[in-house]
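One-letter residues, chain by chain:
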Amino acid sequence: MAKQYFKPGNMLYPLPAVMVSCQYPAGKEDALCTNPALTGKPNIITVAWAGTVCTNPPMLSISVRPERYSYHMIEESGEFVVNLTTEQLVRATDFCGVRSGKDIDKFKEMNLTAAPCANVSAPQIEECPVSIACKVKSVTNYGVHDMFLAEVVGVSVDDKYINAKGALDLEKAGIL
């Protein structure tokens, strides 16, 4: 079998698309926001570069470009929530990845609910079957993206996706 050689690049496909919810800390002025009605509101960014780092303590990472609106929310607050998406949320997942929260309220536009999240002040997305609350431990620049290394401080799972053994039923949840 013959192989073609490509220039170096990340070929880890497919990547899970997740919606990351975040919010500036209370009282923090939002200088990047172009719509004054959005100041202080939570935001959602779609991230495909997310992964498990460690199981004990549970840690994960997300990579975000510093020019993204949500980057500064995460950097300032030191918190975010990774919300696993479903087939029913494909449109919202795509929308939140191509539109900026500095201009529009993504929760409102996509009819999503910013629900309180235990362990962090950033909201979780109520419509997502699994939400993973995270606290940033470090931020490292790796070229055009910065990697937020975070400790998982809580996980919430929608009751309707928990099986008789008390575990998440991945097939029933329809996670992308």
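The preceding data block contains the structure.
To keep things clear, this report deals only with the structure shown in the data block.

Rules and cut-offs
Residues numbered from 1 in each chain as written. Predicted model: local features only at pLDDT ≥ 70, side-chain atom pairs only at ≥ 80, totals over all residues. Heavy atoms only, no water. Helix = DSSP H or I, 4+ residues; strand = E, 2+ residues; numbered from the N terminus. Contact = heavy atoms within 4.5 Å. Buried < 20%, exposed > 50% of the residue type's maximum accessible area, 1.4 Å probe, protein only. Polar contact = N/O pair within 3.5 Å; in protein donor to acceptor, adjacent residues only side chain to side chain. Pairing = 2+ DSSP bridges.

### A short note on the environment of Ala92
Relative to the assigned elements, Ala92 resides in helix α2 (residues 90–98). Spatially, the C-alpha atoms of Ala92 and Lys106 are 8.5 Å apart, while their sequence positions differ by 14 residues. With residues near it in sequence (within four places) discarded, Ala92 still touches Met19, Met110 and Leu112.

### A word on the side chain of Thr85
In this fold, Thr85 is placed in the loop between β5 (79–84) and α2. For Thr85, a relative accessible area of 1% puts it in the buried group. At 3.0 Å, the side chain of Thr85 forms a polar contact with the backbone oxygen of Ala17. If we skip the residues at most four places from it in the chain, Thr85 touches Ala17, Val18, Met19, Thr93, Gly174, Ile175 and Leu176.

### Concerning the pairing of strand β2 (residues 43–47)
By the criterion of burial, β2 is predominantly enclosed, with four of the five residues buried. The sheet contact formed by strand β1 (residues 18–22) and β2 spans five bridges and is antiparallel. Within β2, the residue paired with Ser21 across the bridge is Ile44.

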